Amino acid sequence: MFTKTADTKGRIALGSRFAGKTFIVREVEGKIMIEPAVVIPEREAWLYADKQALESLRRGLEQARTGDFAQPPDLEADEALVAELED
């Protein structure tokens, strides 16, 4: 625990250890509560609300990380099929 004194504008410096971090600041029963936070852009928030979509994304990222890719299309077979259909 440590004490800090607010400057004339009401600011308190937490120290370089907290530089660049984001915090949620709450006033609860006369106490100031400061909690580290991560901010998610609004356009991405839906993903964290949709558990199935989030799990699918995580699974896909893991598959990409391990090189577990789907087989590419067989272009030669496709070309042969096109040739058959053109006749």
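This text follows the structure it describes.
Everything in this summary refers to the structure shown in the same document. (Residues numbered from 1 in each chain as written. Predicted model: local features only at pLDDT ≥ 70, side-chain atom pairs only at ≥ 80, totals over all residues. Heavy atoms only, no water.)

Moving on, we get to the overall build of the protein chain. Secondary structure assignment for the protein chain yields 3 helices and 2 strands. Seen in sequence order, the protein chain has helices and strands lined up from the N terminus as β-β-α-α-α. Taken against the 2.2 N^0.38 rule, which gives 12 Å for 87 residues, the C-alpha radius of gyration of the protein chain at 27 Å runs more than 25% over that of a compact globule. For the protein chain, the spread of C-alpha atoms along the principal axes amounts to about 85 × 25 × 20 Å. Within the protein chain, the fraction of its 87 residues that count as buried is 2%. Sequence separation of at least 24 residues holds for 0% of the intrachain contacts in the protein chain that already meet a minimum separation of 6. Of the roughly 8600 Å² that the protein chain leaves accessible, carbon and sulfur atoms contribute 54%. (Helix = DSSP H or I, 4+ residues; strand = E, 2+ residues; numbered from the N terminus. Rg over C-alpha atoms; globule rule 2.2 N^0.38 Å. Buried < 20%, exposed > 50% of the residue type's maximum accessible area, 1.4 Å probe, protein only. Contact = heavy atoms within 4.5 Å. Areas by Shrake-Rupley, 256 points an atom, 1.4 Å probe, with all protein chains shown as cover.)

Each pocket or cavity is described by its volume, and for the largest pocket that value is around 240 Å³. I12, L14, F18, F23, V25, I32, M33, I34 and P36 together form the lining of the largest pocket. Only β1 (22-28) and β2 (31-37) provide two or more residues apiece to the lining of the largest pocket. Ranked by the residues each element gives to the lining of the largest pocket, the list is headed by β2, at 4 residues. Of the residues assigned to the lining of the largest pocket, the class counts are 9 nonpolar, no polar and no charged. (1 Å grid on protein atoms, 1.4 Å probe; cavity = no way out; pocket = protein on both sides within 12 Å on 5 of 7 lines; lining within 4 Å. Points joined across faces, edges and corners; volume = space filled by probe spheres on them. Nonpolar A, V, L, I, M, F, W, Y, C, P; charged D, E, K, R; others polar.)

Moving on, we come to helix α3 (residues 75-86). Counted at 1.5 Å a residue, the expected span for α3 with its 12 residues is 16 Å, and the 16 Å between its end C-alpha atoms agrees. Within α3, only 0 of the 12 residues are buried, leaving the element largely exposed. Measuring from the side-chain oxygen of the N-cap residue of α3 to the backbone nitrogen of E76 gives 3.3 Å; that N-cap residue is D74. (Expected span 1.5 Å × (residues − 1). Polar contact = N/O pair within 3.5 Å; in protein donor to acceptor, adjacent residues only side chain to side chain.)

Bridge count between β1 and β2: 7 bridges; the pairing is antiparallel. Residue pairing across strands places V25 opposite I34, the latter belonging to β2. Between the antiparallel neighbours β1 and β2 lie 2 residues, among them E29 with a positive phi of about 50°. (Pairing = 2+ DSSP bridges.)

What follows covers the pattern of salt bridges. Taken as a whole, this structure holds 5 salt bridges when the rule is applied. For E35, the salt bridge identified is with R26, shortest N-O distance 3.2 Å. The salt bridge partner of R59 is E55, with a shortest N-O separation of 3.9 Å. One end of the pair, R59, and the other, E55, are both in helix α2 (residues 51-66), 4 residues apart, so they sit about a helical turn from each other. Judged by relative accessible area, E55 falls into the partly exposed class, the value being 42%. (Salt bridge = Lys/Arg side-chain N within 4 Å of Asp/Glu carboxyl O.)

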